[in-house]
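Chain and residue survey
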Amino acid sequence: MRITILGKSPSWQDAGGACSGYLVQEDGTTVLLDCGNGVFAKLREVLDYREVGHVLLSHPHADHCLDLIPFAYALTYGPGGGREQPELLVPPGALELLRALGTLWGNPELVEGAFRITQYDPADRLVVGDLRARFAPVPHYIDANAVELTPTGGGPRFTFSADCGPNDALVDFARDTDLLLIEATLTEPAPDGFAGHLTAAEAGDHARRAGARRVVLTHFSDELDAGAQQEAAAQAFGGPVELARGGAVLEL
Ligand SMILES: [Zn+2]
Ligand SMILES: [Zn+2]
């Protein structure tokens, strides 16, 4: 399995960067995991967008889905018509949101017209080309799902935390995973009350409790001290952790 980081920014883009977007390739299958703002241009730097067979959304926040709009325009008006539509796998509620966005500029069917829509239930286990997908709801400001992708024929497990606050569900879900790509948005724990994101130290702690074999931090701003974030996570994890970087390729 080959994972290319197209964007690792939080809800606003790094200079020259993109929000959440990860290209996952296994045999003949190409899945775009999340499609936040800036991701479509980054995708085009590494691959013909018509080669993407599946787009999978963890949750429909803008920084995870907004570039479905230019992607849909490209599929609708760009060259290379007549190809099979890519599948868009969305959690409950996401399609309504994308339709509402399109309605604002008079094209509510834009995304549905460009992609073959599959609405998944987080309890589902899906086959997505040569990959299996499963999900775990995690605490966030809206419904969000951690995602696991693993080859259908067996092989390494890739676990993506999506956006989440501290929780045990992710620890159970990511137990012994080969790669945990985990969000580390905050520098300080959220004040009392609901937390929708993790600090780097909390991310490292979740990875340690899960027994993850490899840990990569993501969803952090280039305005933070990345070295300090990495150090805090490594200390909590009890071993080295990596920082996501746009364009980086992770081989599993
Ligand atoms: Zn979010
Ligand atoms: Zn986000």
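1. Considering the coordination of the zinc ion (ligand 2)
In an ideal octahedron of six donors the angles at the metal are 90 or 180 degrees, and in an ideal tetrahedron of four donors they are 109.5 degrees. For the zinc ion (ligand 2), the full set of protein donor atoms is Asp63 (OD), His64 (NE2), Asp163 (OD) and His219 (NE2), at a range of 2.1 Å. The sequence motif formed by the donor residues of the zinc ion (ligand 2) is D-H-x98-D-x55-H. In this structure, the zinc ion (ligand 2) lies 3.5 Å from the zinc ion (ligand 1), and both are coordinated by Asp163. You can see His64 sitting in helix α2 (residues 62-65) and its partner His219 sitting in the loop between β12 (215-218) and α8 (226-237), a full 155 residues away along the chain. The same class applies to His64 as to His219, namely buried.

2. Let's talk about the sheet that holds strand β7 (residues 125-128)
The strand order β7-β8-β9-β10-β11-β12-β13 describes an open sheet built from seven strands, whose pairing is mixed. At either margin of the open sheet sits one strand with a lone partner, and together these are β7 and β13 (242-243). In the sheet, strand β11 (residues 179-183) pairs with β12 via four bridges, with the strands oriented parallel. Within β12, the residue paired with Leu181 across the bridge is Val216. Here helix α7 (residues 200-210) sits on the sheet in contact with β11 and β12, set at roughly 155° to β11.

3. Brief notes about the coordination of the zinc ion (ligand 1)
Every protein donor of the zinc ion (ligand 1) is listed here as His59 (NE2), His61 (ND1), His140 (NE2) and Asp163 (OD), and their distances to the metal cover 2.1 to 2.4 Å. Metal-centred angles of 90 to 161° between the four donor atoms at the zinc ion (ligand 1) mark the site as irregular.

4. So, the packing of aromatic side chains
Under the criterion given, the structure shown has eight aromatic pairs. Ring centres of Tyr22 and Phe160 lie 5.2 Å apart, and the angle between their planes is 55°; on these two criteria the pair is classed as tilted. In this pair, Tyr22 sits in strand β2 (residues 21-26) while Phe160 sits in strand β10 (residues 158-160), placing the two residues 138 residues apart along the sequence. With respect to class, Tyr22 is no different from Phe160; both count as buried. Consider the rings of Tyr141 and Phe194, whose centres lie 5.8 Å apart with planes at 70°: the pair is edge-to-face. Residue Tyr141 is found in the loop between β8 (131-138) and β9 (144-151), and its partner Phe194 is found in the loop between β11 and α7; the two are separated by 53 residues along the sequence. Here the aromatic residues Phe40, Tyr49, Phe71 and Phe115 are joined through ring pairs into a cluster of three or more.

Rules used throughout
- Residues numbered from 1 in each chain as written.
- Chains lettered and ligands numbered in written order.
- Predicted model: local features only at pLDDT ≥ 70, side-chain atom pairs only at ≥ 80, totals over all residues.
- Heavy atoms only, no water.
- Donors = N, O, S within 2.8 Å, 3.2 Å for Na, K, Ca; no water.
- Helix = DSSP H or I, 4+ residues; strand = E, 2+ residues; numbered from the N terminus.
- Buried < 20%, exposed > 50% of the residue type's maximum accessible area, 1.4 Å probe, protein only.
- Pairing = 2+ DSSP bridges.
- Contact = heavy atoms within 4.5 Å.
- Axes fitted to C-alpha atoms, helices over the stretch in contact; angles between N-to-C directions.
- Tetrahedral: all angles 85-135°; square planar, octahedral: opposite > 155°, others 65-115°.
- Phe/Tyr/Trp six-rings, centres within 6.5 Å; stacked < 30°, edge-to-face > 60°.

That's the geometry; what it means functionally is another story.
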